[in-house]
Amino acid sequence: VPDQVRTNAPVAAPAAAPSGASSDASGESSAPQGNHNPWWANAVVYQIYPRSFQDTNGDGCGDLPGITSRLDYLADLGVDVLWLSPVYKSPQDDNGYDISDYQDIDPMFGTLSDMDRLLAEAHQRGLKVVMDLVVNHTSDEHAWFQASRDPQDPHADWYWWRPAKEGHEPGTPGAEPNSWGSYFGGSAWEYDPQRGEYYFHQFSKKQPDLNWENPRMRQAVYAMMNWWLDRGIDGFRMDVITLISKHVDADGELPGVGRSTMSAGPVGPEGYSNPGPLCQDGPRLDEFLQEMHREVFDGRHGYMTVGEAPGISPVRDEFITNPANHELDMLFLFEHTDIDHGPESKWDVVPWKLTDLKKTLGRHQRAVAQAGWASLFFDNHDQPRSVSRWGDTSTDRLRVLSAKALALLMHMHRGTPYIYQGEELGMTNAGFTRLDQYRDLESINLYHQRVDQAGVVSGERMLAGLAAMSRDNSRTPMQWDDGKYAGFTAEYAPREPWIPVNPNKDQINAASQVRDPDSVFSFYQRLIELRHSDVLVSAGEWDLLDPEDEQVYAFTRSLPAEQAAGIKEAEGHKLLVVVNASSRPAKVPAQTRALLGGHAGADQILLSTYKEEETTASLLIGKLSPW
Ligand code: GLC
């Protein structure tokens, strides 16, 4: 890319707005579609899993003062937004995704004043803070749920309570209202002897689903959201937000329940049917999200929203994130995280193909090309580590190279990139080999369900599945240094870390990477800087090259003439991204090669995972070394 395209500080923000929206210098948009806060289109988000980030009080769990103490590290990395996984009061059945008080901090993490301090200190460094919003369900210990156990209480209908199946003794096997299974094992229905009825929970039995059909419940959620925004937070990541509207029949009944005319779906080998198809992207989802927008976000500025979106197709994503529809700014789609396992279960790992990654990411890119906006991620607290999953950890060299190549591949797409803690160091999977090393209730429950109860797989095979896919892979303590507990907690702390530290802390840690120009960390710094300084990287159109090639992932980014018109540096320029996403040398494929033409030497190289001479030489001869 000719070199004058690169610096655009004054024009980057306007051009970065999604769907061609334009902003004035203050970052406020004058977009025709009414998109009022496009700053996030040019931002890089960093996800913190507070439990595993930094412990300061020696209890073996990370805490808010720990996050505050590491803000300089995050500012140095260069990210713009911190998303905190839940720190609210919680019995911690699902590590805080089971909230018992939305307006308080769990003592394990600190206090509300610790939160205020974190906000103030982050804001001082120009970092925004986004909280996790978990409102598909609460904890069963939340006051709303406790009240709803009394059928006379005004909260009686805030959850999905249903009587036992007709002709069955309540609380006995087979008396559950329908055949739905929970994502965390067992039936999705739990009997409460106090109320004499069952409640529905898609996740653990300590995470009852809220009944979004109830308008008073919804108003209570909006009031809580407003309370947090008024306190100074900068937005929300919304947990499984696309599950809040359930498909019900004309009488408001759930599938398979009572005299409902809808079936709950086929029963699988483990004895349950999957609630997914009838609980994802339900008929009132848009209405609820629009109502939330009106009640919470209208009239506010400078915030961002991102929804976790199981079951949402790229086409629906385009609708939900189109600013004209006043729903959410971005969604996390999961299609690309499904290409390495069988359709029935994520534990049955299969080899993945680069062309499938191109197809799934490409569908998303194309769907939001005109309206809406994408979020870009490989890692989060529910996914195994990307470098173990999509990269190559067989040698230190390949691990470092593949961590960089994967970062480049993802962050150069059009959308807002998300980095999960430790990803910027190339942290790997946990390497657990025994069930007792796991802490995650999903991993443990499903091991027992599949191996001991249903007997659908052997223990050995399930352990292999967990080693590859368990959520605990990404939840081991952040590797700050090579100390006994990797600097996550003090060496002589009264309690050990809540989950084992990865022994590779000696090779992979922040202390050794921050000052090393060849480290994964330094590469991320340059990548983030590039995103901030190059208009094409944040806003340009995305066009895939060589879709059938199984080794090289290549695409171009360019601004269409009407968008580039106001930005003279961008006119007629193209940015080319070429990644050998394999562990073998690769030939640069035809379409990519043609674009390079004779200019490989003349074009400007903005960023490379290889040494500079090697990059130019590789492009000239059309051969790329691994990763
Ligand atoms: C989301 C969260 C996950 C949690 C689940 C239930 O998928 O990311 O960690 O277990 O929702 O809240």
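Residues numbered from 1 in each chain as written. Predicted model: local features only at pLDDT ≥ 70, side-chain atom pairs only at ≥ 80, totals over all residues. Heavy atoms only, no water.

- Looking up the protein chain in an unreviewed UniProt entry gives the name Alpha amylase, catalytic domain protein, with the organism given as Parascardovia denticolens DSM 10105 = JCM 12538.
- Regarding the protein chain, the UniProt comment filed under Sequence similarities (unreviewed entry) reads as follows: "Belongs to the glycosyl hydrolase 13 family." (UniProt positions renumbered as here; feature names shortened; annotations may be inferred.)

### Here's the deal with the pairing of strand β15 (residues 552-558)
- Along β15, seven of the seven residues are buried, which leaves the element largely enclosed by surrounding structure.
- What you see with β15 is no split at all: Val552, Ala554, Thr556 and Ser558 on one side and Tyr553, Phe555 and Arg557 on the other are buried throughout.
- Note: strand β14 (residues 541-545) against β15, five bridges, orientation antiparallel. Looking at β15, one finds that glutamate 541 is bridged to serine 558.
- Where β14 folds back on β15, the antiparallel hairpin that results is connected by six residues, among which aspartate 546 adopts a positive phi of roughly 45°.
- With seven bridges joining them, β15 and strand β16 (residues 574-580) adopt antiparallel strand pairing. Looking at β16, one finds that arginine 557 is bridged to leucine 575. (Buried < 20%, exposed > 50% of the residue type's maximum accessible area, 1.4 Å probe, protein only. Helix = DSSP H or I, 4+ residues; strand = E, 2+ residues; numbered from the N terminus. Pairing = 2+ DSSP bridges.)

### Looking at the sheet that holds strand β10 (residues 304-308)
- Taken together, the eight strands give an open sheet; going across it, the order is β11-β10-β9-β5-β2-β1-β13-β12, and neighbouring strands pair in parallel fashion. Either end of the sheet is taken by a strand with one partner, and the two such strands are β11 (330-332) and β12 (375-376).

### Comments concerning the packing of aromatic side chains
- The final tally for this structure, using the stated rule, is 31 aromatic pairs.
- Judged by centre distance (5.9 Å) and plane angle (35°), the ring pair of phenylalanine 378 and tryptophan 390 falls under tilted. Residue phenylalanine 378 is found in the loop between β12 and α11 (386-389), and its partner tryptophan 390 is found in the loop between α11 and α12 (396-411); the two are separated by twelve residues along the sequence.
- The class for phenylalanine 378 is buried, based on a relative accessible area of 2%.
- Exposure remark for tryptophan 390: the relative accessible area of 2% places this residue in the buried category.
- A cation sits over an aromatic face here: arginine 51 above tryptophan 498, 4.5 Å from the ring centre.
- The aromatic ring of tyrosine 553 is capped on one face by lysine 358, whose charged end is 6.0 Å from the ring centroid. (Phe/Tyr/Trp six-rings, centres within 6.5 Å; stacked < 30°, edge-to-face > 60°. Lys NZ or Arg CZ within 6 Å of the ring centre and 35° of its normal.)

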